[in-house]
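Commentary on secondary and tertiary structure
Residues per chain are reported as follows:
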Amino acid sequence: MKMKVEYKVKRYNPELDDTAESWDTFVVELDQAATVLDGLIKIREEVDGTLALRCSCRSAICGSCAMRINGQARLACNTKVSDFEKNGNITLLVEPPGNMPVIKDLVVDFVPFWSKVNAVDPWLKPNHPPKYMEEHIVSNESMLHLSEVMGCIMCGACVSDCTVLEVDKSFLGPAALAKAYRFVSDPRDGSAKYRLGSLEKPSGMWDCTRCMQCVEVCPKGVDPMGKIMKLRDFAIQDGYKKTYGAKHTAVFSDSVKHTGWLNEFQLPLRTFGIFNVIKLLGLLPILLDALVSRKVPPIFHHKLPSASSIQRIFKKFDL
Amino acid sequence: MLEHDVLIIGAGLAGMRAAIVAKDLGADVAVVSKVHPVRSHSNAAQGGINAALAHRGDKWEDHAYDTIKGSDYIADQDAVEIMAKEAGSEVISMEHMGVIFNRDDEGKLGTRAFGGQRKARTFFVADFTGQALLHVLYEQIIKSDVLVYEEWFVLSLIVQDGECSGAVMIDMKSGNIEICVAKSVILATGGLGRVFEPSTNALICTGDGMALAYRAGVPLMDMEMVQYHPTTLKNNGALMSESARGEGAYLRNIDGERFMAKEGNAPKMMELASRDVVSRSAQKEINEGRGIDGCVLLDCTHLGEKLINEKLPQIRDLAKDFANVDMIKEPVPVRPGMHYQMGGVKTDINGLTTLPHLYAAGECACVSVHGGNRLGANSLLDTLVFGRRAGEYAAEVSKKRRNFKISSNDLLKKHEGDIEKLLSNNDKDGFMYGSIRKEMGTLMNQYLAVFRDESGMQTAIEKLSELKLKYKNIFVSDKGRVFNTALIFTLELGFMLDCAETIAISALERKESRGAHARIDMPDRDDKNWLKHVLVYRENDDAYRVDYLPVVITLWKPEERKY
């Protein structure tokens, strides 16, 4: 059975006199099992040969066809059009992936993406290289564990929808940080400490706001945010405790542990230090906002009556 | 004008392996690829990579024998010996670079069984071995700071005074054409799967390197040997890895019968016979009405959830996405589908073609180590061993090559003119690339598939020459220069038509059945007359010449092939 599918595709052509972005609508007939990519290829081959997009393997392994489909980054090749059926109609809004400059139509420039990946020294630096014709002896579990993050196909979906990159282009981003995790947690790699040292700098692992967007959109189950959180754990364990991020974590958990809830007023003071005037002044707009909307945290922080049960949880997990 | 010692065309496993070793040897190396390296189709290799490790009680001779028997005795045995001997060090060096191979209980590299081999010697990373290798090689490219021309498409090879001297290429992002002079050129462009429809291959597998060499006067060899993989999904042709059968999956017909047990199929090795044998058996079941909706069943239900999730996670996802089947619970409908080209640019054991300073490695090359049928997990090995050898040899020879001059202005003008001409055709009645490609793919899959016969192959040749005529008036609807994919696809289609023709010509030429070339009108192997390679040379636009080369036999005399 065939279905009619409406594609609304965002167009951009730098060679046209009018280079403004625009939307084109195409209606194509597709099989029930068709993917978004099947329709785009049909449009390109039969309706409008000028439509530019990248695609190759058709089976979610080459990472070429990440794009925004109905507002979210996905691989066009493993997204079924029938998933978007509403009252018998299917309308797809197709845009290039975000956070990267558009070259033409759905094709974006991946140079910023790869420069971030390159910045994490993305190659194994073996601690003790084995002898000729001998492999590293490591557990199967440690390799299976890495296969989750090695499943990353560098499609850029996470980078496209990263909410931090949207406001701060310097952030390393979920793909590069997940790649870094791949080496930090590889038992054969000898430079975890050095790697963590460079990742704890500004624009690194502490800039993630844990919005979960990258986890949501990753088509390969890599869980980039989870990997970033693990990197933070490793960094603190390895003695990198001086960053604001590490302090923030420490102050946060200290407050909850002792009073049962977060002392929001103290959090910035203890994280930045009370003499860090510049940083604290930077928070003034937030404080003013809070005043206006009457959401200022209490200055005097009371211990909750149930704090002892919270403490038991901390004790149980040996924190 | 761009200039390098070694220019490598293609950034899959063969190309990147060549680049890394050539750079190590001090050459000025550049890689040109029409896609970013990690988008290359080496990604799609699922099952693993073969190596016989002596210190584990395996012998390279056994690996070589299995490969030669698998090839139906037209692999060149000197080349197979090299591949089998160098396999171990190649796999171990990939591990040293960072590949996360699955391990055994002692923490050493683990193995799995694969088709056509008497011993489990396939090293693997779950069922995405190709991706795991490709991404690690790209890490090494970054580490070695190898220059990559990303998303550049090669238009032609530069041949001057009977020597290869570089390539003419177009930057897809700007549409600018550049001349790249090189002392050595290595073709590593992969396969030609898109010549067939359907195919397991990616959309980028358009036989570019084979056609570039063919147009430069270099012969293509063994082109009739096209591998149909026994287990592909009906819907989109996606591959269900042989590792499923390696891990113990069964093939069944509509009656639930494991048809590989039938006399004449492979009662001994069953589902793990060579791919040509399994594909023929499956196709026979389907043709004789014992299939289900044009498919047979790949049954993994007895393997258990844990094994499937640990060792076959990717194909479980593929079956879910594209066949709507969870293979833990039900068998997956599969059918034989075009997968691999055993033939390609004729090279020697160092990757050198018949044109001085032009090399080839990987699927686009034919050394020949696969002969009439490639064993599963030998293709990754082929790319690494012969990619490395070509890189080493090309780097060394380029140091000794005297300086030469290229008339780059003339070359540039000619190619600019060709592109202009193509784009300026405004005959909207002209054919678009899509319709010609579909017609070509469908006819190839009809007449040059698992079973072939004289009249079918003849028909294919006639229809292909009609398509070539249509191609002369092809209409490219995008007239711009920036990321003009319609233009690139049109150029690729020209390459594919050349490749398709050489396949049909070679197939019609071989008057016997051997390996993947199974003729219903000539069902027997004929060692007396056909223990030789078929080579096709291009004479001009419409003329070609066929020649033969004897098969190199060292230790293993041809015998009857039974599994």
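This section reports on the structure supplied with the text. (Residues numbered from 1 in each chain as written. Chains lettered and ligands numbered in written order. Predicted model: local features only at pLDDT ≥ 70, side-chain atom pairs only at ≥ 80, totals over all residues. Heavy atoms only, no water.)

**With respect to the sheet that holds strand E3 (residues 49–50) of chain B**
Across a sheet, paired strands are connected by hydrogen bonds in the backbone, their directions being either parallel or antiparallel. Residue and element names in this part refer to chain B. Convention followed: At least two bridges found by DSSP between two strands is the condition for calling them paired. The helix and strand labels rest on DSSP assignments: H or I over at least four residues marks a helix, E over at least two residues marks a strand, and numbering proceeds from the N terminus.
With antiparallel pairing, the three strands of this open sheet are ordered in space as E3-E5-E4. Looking at which strands have only one partner, the edges of the open sheet turn out to be E3 and strand E4 (111–112). With two bridges connecting them, E4 and strand E5 (residues 122–123) associate as antiparallel partners. When the bridges of E5 are listed, Arg 112 appears paired with Thr 122.

**Some points on empty space enclosed by the protein**
All names here are of chain A. How we decide: Note on definitions: the grid is 1 Å and covers protein atoms alone; a cavity is a set of points where a 1.4 Å probe fits but cannot get out; a pocket is an open set with protein on both sides within 12 Å along at least five of seven lines; lining residues have an atom within 4 Å of a point. Grid points are joined across faces, edges and corners, and a volume is the space filled by probe spheres set on the points. Side-chain classes are defined by residue name, with Ala, Val, Leu, Ile, Met, Phe, Trp, Tyr, Cys and Pro counting as nonpolar, Asp, Glu, Lys and Arg as charged, and the others, Gly among them, as polar.
Throughout the structure, instances matching the rule amount to seven cavities of 30 Å³ or more. Of the pockets and cavities examined, the second largest cavity occupies roughly 110 Å³. If you go around the second largest cavity, you meet 16 residues; those closest to its centre are Cys 152, Cys 155, Cys 158, Cys 218 and Val 222. Listing elements by their share of the lining of the second largest cavity, those giving two or more residues are helix H4 (157–160) and helix H6 (174–184). In terms of residue class, the lining of the second largest cavity is made up of 14 nonpolar, one polar and one charged.

**Quick notes on the packing of helix H10 (residues 244–259) of chain A against helix H14 (residues 307–316) of chain A**
Residues and elements named next belong to chain A. The line we're drawing: With axes taken as lines fitted to C-alpha atoms, and helix axes fitted only over the stretch in contact, angles between N-to-C directions fall between 0 and 180 degrees. By definition in this entry, angles of less than 35 degrees are roughly parallel, angles greater than 145 are roughly antiparallel, angles of 65 to 115 are roughly perpendicular, and the rest are oblique. Should any heavy atoms of two residues lie within 4.5 Å, those residues are considered in contact.
Axis separation between H10 and H14 bottoms out at 6 Å; the angle between their running directions is 125 degrees. Here H14 runs oblique to H10, going by the angle between their axes. From H10, Ser 253, Val 256, Lys 257, His 258 and Thr 259 reach across to H14, where they touch Ala 307, Ile 310, Gln 311 and Phe 314. Among the residues forming the contact of H10 with H14, the class breakdown is four nonpolar, four polar and one charged.

**Some remarks on the interface of chain A and chain B**
By convention, interface size is frequently given as the accessible area that disappears when the constituent parts associate. The condition that has to hold: As a working definition, buried area equals the accessible area (1.4 Å probe) given up by two parts on being put together, with both sides summed. Salt-bridge detection follows one rule: a side-chain nitrogen of Lys or Arg within 4 Å of a carboxyl oxygen of Asp or Glu.
On the chain B side, the residues contacting the 62 residues of chain A number 65 residues. For the chain A and chain B pair, buried surface summed over both sides reaches about 5,000 Å², with 54% attributable to carbon and sulfur atoms. In terms of surface lost to chain B, no three residues of chain A exceed Glu45(A), Arg58(A) and Glu135(A), which account for 14% of the buried area on that side. Summed over the shared surface of chain A and chain B, the result is eight salt bridges. Between Asp478(B) and Lys104(A) there is a salt bridge, and its shortest N-O distance comes to 2.7 Å. The dominant element in the side of chain A that touches chain B, judged by the number of residues it contributes, is helix H3 (residues 140–150) of chain A, at six residues. Considered class by class, the residues forming the side of chain A that touches chain B number 33 nonpolar, 14 polar and 15 charged.

**Focus on the nonpolar core**
We apply this condition: Within this scheme, the nonpolar core is defined by two criteria: the residues are buried Ala, Val, Leu, Ile, Met, Phe, Trp, Tyr or Cys, and they are joined through side-chain atoms within 4.5 Å. For each residue, the accessible area found with a 1.4 Å probe, counting protein chains only, is set against the maximum for its type, and the residue is called buried under 20%, exposed over 50%, and partly exposed in between.
Among the nonpolar cores identified, the biggest contains 110 residues, and Phe113(A), Met205(A), Ile8(B) and Phe101(B) are the most heavily contacted of them. If one sorts the elements of this core by residue count, helix H3 (residues 77–97) of chain B sits on top with ten residues. Residues contacting Phe101(B), with those up to four places away along its chain left out, are Met143(A), Ile49(B), Val91(B), Met94(B), Glu95(B), Leu109(B), Phe123(B), Phe124(B), Val125(B) and Leu133(B). Listed in part, the 89 residues of the second largest apolar core include Cys164(B), Val345(B), Leu497(B) and Ile505(B).

**Quick notes on helix H9 (residues 224–237) of chain A**
All names here are of chain A. The test is simple: One less than the residue count of a helix, multiplied by 1.5 Å, gives the span that helix is expected to have.
Across its 14 residues, H9 extends 20 Å between first and last C-alpha, which sits within 8% of the 20 Å expected from 1.5 Å per residue. For H9, the full list of buried residues reads Pro 224, Met 225, Gly 226, Lys 227, Ile 228, Met 229, Leu 231, Arg 232 and Ala 235. Taken together, the buried residues of H9 touch H3, H4, H6, helix H7 (192–199) and helix H8 (213–217). In the stretch just after H9, Gly 239 is the one whose phi turns positive, near 95 degrees.

**Considering the pattern of salt bridges**
All names here are of chain B. Here the structure, examined in full by the defined rule, presents 76 salt bridges over all chains. As a salt-bridge pair, Glu 86 and Arg 388 come within 2.6 Å of each other at their nearest N and O atoms. With Glu 86 in helix H3 and Arg 388 in helix H10 (residues 379–400), this residue pair connects regions lying 302 residues apart in the sequence. We classify Glu 86 as buried; its relative accessible area is 19%. Under the relative-accessibility criterion, Arg 388 is labelled buried at 12%. For Arg 103, the salt bridge is made with Glu 95, and the minimal N-O distance between the two is 2.8 Å. For Arg 103, a relative accessible area of 6% corresponds to the buried category. Ionic contacts of the salt-bridge type, sharing partners, join the residues Asp 72, Glu 224, Asp 276, Arg 280, Arg 510, Glu 512, Arg 514, Arg 525, Asp 527 and Arg 561 into one network.

**Describing a nonpolar patch on the surface**
Residue and element names in this part refer to chain A. Spelled out, the test is: Patches here are clusters of residues that have more than 30% relative accessible area and form no salt bridge, with a 9 Å joining cutoff for like charges and a 5 Å cutoff for nonpolar side chains (Val, Leu, Ile, Met, Phe, Trp, Tyr). Only the protein chains shown count as covering a residue, and every accessible area follows the Shrake-Rupley method with a 1.4 Å probe.
Nonpolar side chains collect at one region of the surface, where Val 277, Leu 281, Leu 284, Leu 287, Leu 288, Leu 291 and Val 296 lie side by side and expose about 600 Å² of accessible area between them. The set of elements that each furnish at least two residues to the nonpolar patch consists of helix H12 (277–282) and helix H13 (284–292). Per element, the largest residue contribution to the nonpolar patch is four residues, and it comes from H13. Summarising the element assignment, Val 277 is placed in helix H12.

**Points about the side chain of Asp299(B)**
All names here are of chain B. To be explicit about the condition: The definition of a polar contact used here is a pair of N or O atoms within 3.5 Å, where within protein one atom must be able to donate a hydrogen and the other to accept one, and adjacent residues in sequence count solely through side-chain atom pairs.
With respect to the secondary-structure elements, Asp 299 resides in strand E13 (residues 296–299). Residue class for Asp 299 comes out buried when judged on its relative accessible area of 7%. Engagement of the side chain of Asp 299 in a polar contact is seen with the side chain of Thr 301, the distance being 2.6 Å. Beyond its immediate stretch of four places on either side in the chain, Asp 299 contacts Ala 249, Tyr 250, Arg 252 and Pro 331.

**Let's talk about the packing of aromatic side chains**
Condition: Centre distance within 6.5 Å is the pairing criterion for rings of Phe, Tyr and Trp, where only the six-membered ring of Trp is used; planes under 30 degrees apart are then read as stacked, over 60 as edge-to-face, and the remainder as tilted.
Tallied over the entire structure, the rule returns eleven aromatic pairs over all chains. Aromatic pair Tyr359(B) and Tyr393(B): ring centres 6.1 Å apart, planes at 70 degrees, arrangement edge-to-face. Remark: Tyr393(B) occurs in helix H10 and Tyr359(B) occurs in strand E16 (residues 358–360); sequence separation between them is 34 residues. Residue classification places Tyr393(B) among the partly exposed positions, given a relative accessible area of 32%. Among the aromatic side chains, those forming a connected cluster through ring pairs are Phe110(A), Phe113(A), Trp114(A) and Tyr138(B).

**Here's the deal with the environment of Leu220(B)**
Residue and element names in this part refer to chain B. Here Leu 220 shows up in strand E10 (residues 220–221). Taking the relative accessible area as the measure of exposure, Leu 220 reaches 0% and is therefore buried. Sequence separation of Leu 220 and Ser 506 is 286 residues, and the distance between their C-alpha atoms is 9.5 Å. With residues up to four places along the chain from it excluded, the contact list for Leu 220 reads Met 210, Tyr 214, Gly 344, Val 345, Thr 502, Val 534, Leu 535 and Val 536.

**So, helix H2 (residues 111–118) of chain A**
Owing to its 3.6 residues per turn, the α-helix brings residues three or four apart onto one side. Note the cut-off: The arc in question is formed by the directions pointing from the helix axis toward the C-beta atoms.
If you check which residues of H2(A) are buried, you get Phe113(A), Trp114(A), Lys116(A) and Val117(A). Buried residues of H2(A), viewed axially, fall in a sector of 155 degrees; they line one side. Elements in contact with the buried residues of H2(A): H4, helix H5 (163–167) and H6 of chain A together with helix H4 (129–144) of chain B.

**With respect to the sheet that holds strand E21 (residues 543–550) of chain B**
Residues and elements named next belong to chain B. The five strands lie next to each other as E17-E15-E10-E20-E21, forming an open sheet whose pairing is mixed. Every other strand in the sheet has two partners, leaving strand E17 (365–366) and E21 as the edge strands with one partner each. When E10 meets strand E15 (residues 344–346), the two strands line up antiparallel, connected through two bridges. The residue bridging Met 221 from the neighbouring strand is Gly 344, located in E15. Relative to strand E20 (residues 532–540), helix H14 (residues 485–509) is tilted by about 135 degrees, and along the sheet it contacts E10, E20 and E21.

**Thoughts on the pairing of E20(B)**
Residue and element names in this part refer to chain B. Bridge analysis of E10 against E20 gives two bridges, and the strand direction is antiparallel. Bridging across to E20, Met 221 finds its partner in Leu 535. As paired strands, E20 and E21 are joined by eight bridges and run antiparallel to one another. Bridged to Leu 535 within E21 is Asp 547. Between E20 and E21, which pair antiparallel in sequence order, lie two residues.

**Quick word on the pairing of strand E7 (residues 152–160) of chain B**
In regular strands, side chains alternate between the two faces of the sheet. All names here are of chain B. A large share of E7 lies buried, amounting to seven of its nine residues. Here E7 runs beside strand E8 (residues 163–171); their pairing, made up of eight bridges, is antiparallel. Counterpart to Leu 157 in the pairing with E8 is Ala 167. Turn length for the E7-E8 hairpin, with the two strands adjacent in sequence and antiparallel, is two residues, and the turn residue Asp 161 shows positive phi of about 50 degrees.

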